[in-house]
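Chains, contacts and geometry: an overview
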Amino acid sequence: AQRVTQPEKLLSVFKGAPVELKCNYSYSGSPELFWYVQYSRQRLQLLLRHISRESIKGFTADLNKGETSFHLKKPFAQEEDSAMYYCALSEDSNYQLIWGAGTKLIIKP
Amino acid sequence: SQTIHQWPATLVQPVGSPLSLECTVEGTSNPNLYWYRQAAGRGLQLLFYSVGIGQISSEVPQNLSASRPQDRQFILSSKKLLLSDSGFYLCAWTAKETQYFGPGTRLLVL
């Protein structure tokens, strides 16, 4: 069955340190993967998608089909990166998303 | 530009009372619409989705129902709320693969 796993419920790092939020998936087809972010008191919003191959707010994510992973990375964390991060996989033509449980990222000053 | 609205923002209801949460979308036509429940540590649970007026698909059988009386209106309802219905409810619509979320409704059932 299709599944998205975010193994860390909480990740805490110091400002300036590298950040990696893990996401693993299981899917039989060709996946489309996304990272969504929810800052405090803001709406859940798209951060980036793997097909765009872009860097948003210093974050990047590479789809590794061999390891079935889509980890989110940033070389130097900033305090404003503190938020809830969700990894999601697009399932079918109705654009339903399969969601991970989310990782709360806390950046300590 | 497209906008999605949800109301109310917060709701406190007694057990056994009815529920109606409304979601409307502006600036697009015939969107796919979604209702989610967001729970701490459990991510987003898809409750219902709709690909058109009157077309509702339920993902999880429970005490809730959904309706889409108009193209850009999506309603989440219950006839009798349970304590377990408490949570944060999100409405979303889709533009291609990207989902856009409303501000959410925090429901507390007492």
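Cut-offs applied
Residues numbered from 1 in each chain as written. Chains lettered and ligands numbered in written order. Predicted model: local features only at pLDDT ≥ 70, side-chain atom pairs only at ≥ 80, totals over all residues. Heavy atoms only, no water. Contact = heavy atoms within 4.5 Å. Buried area = accessible area lost by both parts, 1.4 Å probe. Salt bridge = Lys/Arg side-chain N within 4 Å of Asp/Glu carboxyl O. Polar contact = N/O pair within 3.5 Å; in protein donor to acceptor, adjacent residues only side chain to side chain. Helix = DSSP H or I, 4+ residues; strand = E, 2+ residues; numbered from the N terminus. Disulfide = S-S within 2.5 Å. Buried < 20%, exposed > 50% of the residue type's maximum accessible area, 1.4 Å probe, protein only. Pairing = 2+ DSSP bridges.

Thoughts on the interface of chain A and chain B
Opposite the 17 residues of chain A that make contact, chain B presents 23 residues. Both faces considered, chain A and chain B share a buried interface measuring about 1800 Å² in area, 50% of it formed by carbon and sulfur atoms. For the pair chain A and chain B, the number of links is 0 salt bridges. Put simply, chain A and chain B have 7 residue pairs in polar contact (both at pLDDT 80 or more) between them. Contributions of two or more residues to the side of chain A that touches chain B are made by strand E5 (32-38), strand E6 (45-49) and strand E10 (97-99) of chain A.

Quick look at the state of the cysteines
Residues and elements named next belong to chain B. Taken as a whole and assessed by the stated rule, the structure comprises 2 disulfides over all chains. Between Cys23 and Cys91 runs a disulfide, and the two sulfur atoms are separated by 1.9 Å. Handedness of the Cys23-Cys91 disulfide follows from its S-S torsion of about -75°: it is left-handed. Separated by 68 residues along the polypeptide, Cys23 in strand E3 (residues 19-26) and Cys91 in strand E9 (residues 87-95) bring together distant segments of the chain. One exposure class covers both Cys23 and Cys91, and it is buried.

A short note on the sheet that holds strand E8 (residues 72-74) of chain A
In any sheet, the strands associate via hydrogen bonds between backbone groups, in a parallel or an antiparallel arrangement. Strands sit in the order E3-E8-E7 (chain A) across an open sheet of 3 strands; the sheet is antiparallel. The open sheet has two edge strands, strand E3 (19-21) and strand E7 (60-61) of chain A, and neither has a second partner.

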